[in-house]
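Here are the chains, one letter per residue:
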Amino acid sequence: MKMKILGLSLAAATLVSLAGSTLGASEVPTSAPKAYPAGEVGNMVKLGEDILLHTDTHPLTKDLVGNKLQCISCHLRGDDGKPGTGHGIGTFIGTATAFPAYSKREKTVQSLQDRINNCFMRSMNGKRPIVDTKASMAMATYITWLSTDMPMKMDTKRPCSPLNSNRWAKNAKKFAKIQRKATHANYVNGQKLFEAKCAMCHGADGAGMGSFPPLWGQDKAGHWLANNTGSGVSKLNKGAAWVQSNMPLGQGGTLKDQEAADIMLYVDAQPRADFDLQKGLLPASKMGYYNSKVLHEKHSVRSNFKQFGLDVDAIRGDKKIK
Ligand code: HEC
Ligand code: HEC
């Protein structure tokens, strides 16, 4: 009897520590659960996984995508090969536990579907899917499944996984400080490093090769290939944070701070689509309620440099960016 009481109180103590602010390393999953859930939930998990792998060609999402990327281009596959289980910044493990979460960008509390769908307007250079449509629900179901058995940790500052939240904040700040001091010499160094460490997969022209995704530019028909200027990776500080954590593929964490900064100074100074929030939204009659207090937002390569006190012409040493 005494033993039983002891056992119960031990179990309670474990629960309390799990609900606390930081998870111990042994409790954080590093892969998707081994088996799919049963029934229709399992079907939606599988559909969501398929969309994350083939976003620009999947029948349910291709019309909403305006480039040649997939969600896995930035939310990398992990050791188990599943989308979003990579260890670097951008993992989806723990993401579902953060919602509902406050977002400074929209100035509202966002649902997981809101957050997923906003990546379509920016990183996918497309249109925001309608909340609760099959594609939107399927992606949210897959991403939620990756947080199986993790405790809720609603984020009051930013809409991201507890495994991403502090890493984004800390590294974005670190790289903002470095980028504010950038000169043309950093750009030249960035190009040199890009050609040595990145071009063998992404192409010297940034257009990508085979299954290696494009980083900037347009195809011959004038279609944009990569993320637009409203996306996180197009920002000089967040782009450097993401690349330092995830690239070169399989060698995340090997670039020095100044190397990652210079490479992304170069990459983010290349042509990419302007962002206009209104163009990423479907007509109000179709879209339903848009959960944001911010209805107008525009960015260009030029304004993304200005944000760090930089003139893109002086950094590039030419006037090729409009
Ligand atoms: C070009 C890179 C890129 C692509 C492609 C991309 N994302 Fe993201 N995504 C990001 C970045 C960067 C952030 C973090 C941005 C920030 O917090 O400022 C992010 C954040 C998120 C988040 C918040 C969760 C978290 O833990 O950080 C979700 C959910 C998400 N993306 C879903 C998607 C989905 C679904 C797709 C495919 C439809 C997609 N993303 C495609 C770059 C990308
Ligand atoms: C061995 C090949 C390889 C190398 C080398 C490599 N990448 Fe990547 N990169 C990839 C792949 C593959 C992805 C997408 C992940 C996927 O599809 O699984 C990616 C994704 C990206 C993305 C996000 C998606 C996009 O298209 O914008 C960026 C940015 C990026 N890489 C930048 C770099 C930079 C900068 C370097 C050099 C420091 C680099 N990569 C080196 C293969 C590579």
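Here goes a summary of the coordinates provided. (Residues numbered from 1 in each chain as written. Chains lettered and ligands numbered in written order. Predicted model: local features only at pLDDT ≥ 70, side-chain atom pairs only at ≥ 80, totals over all residues. Heavy atoms only, no water.)

Okay, the site of ligand 2 next. Every one of the 24 residues lining ligand 2 counts as a neighbour, but Cys198, Cys201, His202, Pro214 and Met247 are closest to it. Side-chain polar atom of Arg77 to an oxygen atom of ligand 2: 3.0 Å apart, as the coordinates give it. Spatially, ligand 2 is embedded in the second largest pocket. Of all the secondary structure elements, the ones that give two or more residues to the shell around ligand 2 are α7 (199-202) and α8 (236-246). In terms of residues, the shell around ligand 2 owes the most to one element, α7, which gives 3 residues. (Near = heavy atom within 4 Å. Polar contact = N/O pair within 3.5 Å; in protein donor to acceptor, adjacent residues only side chain to side chain. 1 Å grid on protein atoms, 1.4 Å probe; cavity = no way out; pocket = protein on both sides within 12 Å on 5 of 7 lines; lining within 4 Å. Sits in = over half its atoms within 2 Å of the grid points. Helix = DSSP H or I, 4+ residues; strand = E, 2+ residues; numbered from the N terminus.)

A few words now on the pattern of salt bridges. If charged atoms from side chains of opposite charge come close, those side chains can pair. A full pass over the atoms with the stated rule returns 10 salt bridges. Its salt-bridge partner being Arg122, residue Glu297 comes within 3.0 Å of it at the nearest N-O pair. Of the two residues, Glu297 sits in the loop between α11 (284-287) and β4 (298-299) while Arg122 sits in the loop between α3 (112-121) and α4 (134-145), which places them 175 residues apart along the sequence. For the pair Glu297 and Arg122, one class covers both residues: buried. With its nearest N and O atoms 3.1 Å apart, the salt bridge here joins Asp313 to Arg302. With Asp313 in helix α13 (residues 312-316) and Arg302 in helix α12 (residues 301-306), this pair connects stretches of sequence that are 11 residues apart. The class of Asp313 is buried, set by a relative accessible area of 14%. Residues participating in the shared-partner salt-bridge network are Arg302, Asp311 and Asp313. (Salt bridge = Lys/Arg side-chain N within 4 Å of Asp/Glu carboxyl O. Buried < 20%, exposed > 50% of the residue type's maximum accessible area, 1.4 Å probe, protein only.)

To continue, consider the site of ligand 1. Near ligand 1 you find 23 residues, and of these Cys71, Cys74, His75, Cys119 and Lys238 are the closest. Here an oxygen atom of ligand 1 and a side-chain polar atom of Thr95 are 2.8 Å apart. One of the backbone nitrogen or oxygen atoms of Ser161 is found 2.8 Å away from an oxygen atom of ligand 1. Of the pockets mapped on this structure, ligand 1 occupies the largest pocket. Per-element tally for the shell around ligand 1: the top contributor is α3, with 4 residues. Here the residues of the shell around ligand 1 are counted per class, giving 11 nonpolar, 10 polar and 2 charged. Taken domain by domain, the makeup of the shell around ligand 1 includes at least three residues from each of domain 1 (30-160) and domain 2 (167-316). (Nonpolar A, V, L, I, M, F, W, Y, C, P; charged D, E, K, R; others polar. Domains from an automatic or database assignment.)

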